[in-house]
Amino acid sequence: MQAVETETKSHYSNGFKKKIDRNKYDLPLNERLKNARNRKGLSSAGVVQALKKQGISIGHSTLQGYEAHETSLNHRYPSLSVLITLANFYEVSYDYLFGISDKFTPTHLAVSHNTDIKDVIESRTSIMYNGVKLTKQQRESMVAHLDQILTL
């Protein structure tokens, strides 16, 4: 006797579901990685190139998969080592990436109570104001204005 294969509304005749629910953990990780990249002012290709210069190899489609929504067929989660690499590269906290906190900057990059703000402004590390990276001229202008204000 031959089995009769029938197709239902929810399954194909071979038994596979027609609609696959790809929603995995409902994490904001994909959005947060994309936001972190945009805050640095980089395209995904720019991130791949910058990481390559640091000796880290991530494919362009892989990075896009990390930023894709969980329901996307291209979606994937980064491994722990890649997640740490991206968090360090983007200079974001793990709590931010996982949606635990909206605080963007990790604590090891935050300014402490004993830090001289002039040293921070004049340092070679990138400084952002409201999500925009400050130029060298803007930094110099800030120092000049602060010197003026503090000598009053």
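Scroll up to find the structure.
Residues numbered from 1 in each chain as written. Predicted model: local features only at pLDDT ≥ 70, side-chain atom pairs only at ≥ 80, totals over all residues. Heavy atoms only, no water.

Caption draft 1: Fine view of the overall build of the protein. When its secondary structure is counted, the protein shows seven helices and two strands. Along the chain direction, N to C, the helices and strands of the protein fall in the order α-α-α-α-α-α-β-β-α. Within the protein, counting contacts between residues at least 6 apart in sequence, those at least 24 apart form 44% of the total. Element-wise, carbon and sulfur atoms account for 53% of the exposed surface of the protein, whose accessible area totals about 11,200 Å². (Helix = DSSP H or I, 4+ residues; strand = E, 2+ residues; numbered from the N terminus. Contact = heavy atoms within 4.5 Å. Areas by Shrake-Rupley, 256 points an atom, 1.4 Å probe, with all protein chains shown as cover.)

Caption draft 2: Spatial organisation of the pattern of salt bridges. Inspection of every chain in the model, using the stated rule, returns three salt bridges. Where Glu67 meets Arg37, a salt bridge forms, and the shortest distance between an N and an O atom there is 2.8 Å. Placement of Glu67 in helix H3 (residues 60–67) and of Arg37 in helix H1 (residues 29–39) is noted, with a sequence separation of 30 residues between them. The burial state of Glu67 is the same as that of Arg37; both residues are buried. A salt bridge links Lys40 to Glu91, with the shortest nitrogen-to-oxygen separation between them at 4.0 Å. Taken together, the positions of Lys40 in the loop between H1 and helix H2 (44–53) and Glu91 in the loop between helix H4 (80–90) and helix H5 (94–97) put the pair 51 residues apart, joining distant regions of the chain. (Salt bridge = Lys/Arg side-chain N within 4 Å of Asp/Glu carboxyl O. Buried < 20%, exposed > 50% of the residue type's maximum accessible area, 1.4 Å probe, protein only.)

Caption draft 3: Representation of the packing of aromatic side chains within the structure. This structure, assessed with the given rule, holds one aromatic pair. The ring of Tyr96 carries Arg32 above its face, with NZ or CZ at 4.4 Å from the centroid. Above the ring of Phe89, the side-chain terminus of Lys40 is found at 5.6 Å from the ring centroid. (Phe/Tyr/Trp six-rings, centres within 6.5 Å; stacked < 30°, edge-to-face > 60°. Lys NZ or Arg CZ within 6 Å of the ring centre and 35° of its normal.)

Caption draft 4: Fine view of the packing of H2 against H4. Where H2 meets H4, the closest approach of the two axes is 12 Å, and the angle between their N-to-C directions is 100 degrees. Classified by the angle between their axes, H2 and H4 sit roughly perpendicular to one another. Residues Val47, Ala50 and Leu51 of H2 form the contact with H4, whose participating residues are Thr85, Leu86, Phe89 and Tyr90. Within the contact of H2 with H4, the residues separate by chemical class into six nonpolar, one polar and no charged. (Axes fitted to C-alpha atoms, helices over the stretch in contact; angles between N-to-C directions. Parallel < 35°, antiparallel > 145°, perpendicular 65-115°, else oblique. Nonpolar A, V, L, I, M, F, W, Y, C, P; charged D, E, K, R; others polar.)

Caption draft 5: Summary view of unusual backbone geometry. Its identity is not glycine, yet Glu91 carries a phi of approximately 60 degrees, on the positive side. Assessed through its relative accessible area of 29%, Glu91 is described here as partly exposed.

Caption draft 6: Geometry of the side chain of Arg139. Of note, Arg139 is situated in helix H7 (residues 136–150). For Arg139, which is buried and forms no salt bridge, the nearest opposite charge comes from Glu91, at a distance of 8.8 Å. Among all residues touching Arg139, those that are not within four sequence positions of it are Val120, Ile121, Glu122, Ser123, Arg124, Thr125, Ser126, Ile127 and Leu134. (Lys, Arg positive; Asp, Glu negative; His and termini not counted.)

Caption draft 7: Region of the structure containing the environment of Gln64. Checked against the element boundaries, Gln64 lands in helix H3. When neighbours within four sequence positions are excluded, Gln64 is seen to be in contact with Ser44 and Asn74.

Caption draft 8: Local environment of a nonpolar patch on the surface. A cluster of nonpolar residues, Leu80, Ile84, Tyr94, Phe98 and Ile100, forms a patch on the protein surface that exposes about 500 Å² of accessible area. By the secondary structure assignment, Ile100 is in the loop between H5 and helix H6 (117–122). (Patch = residues over 30% accessible without salt bridge, like charges linked within 9 Å, V, L, I, M, F, W, Y side chains within 5 Å.)

Caption draft 9: The nonpolar core, seen in detail. Formed by 19 residues in total, the largest nonpolar core has its most connected members in Leu33, Leu63, Leu86, Tyr90, Val92 and Leu97. Those elements that provide at least two residues to this core are H1, H2, H3, H4 and H5. With six residues, H4 is the largest single contributor of residues to this core. (Core = buried A, V, L, I, M, F, W, Y, C linked by side-chain atoms within 4.5 Å.)

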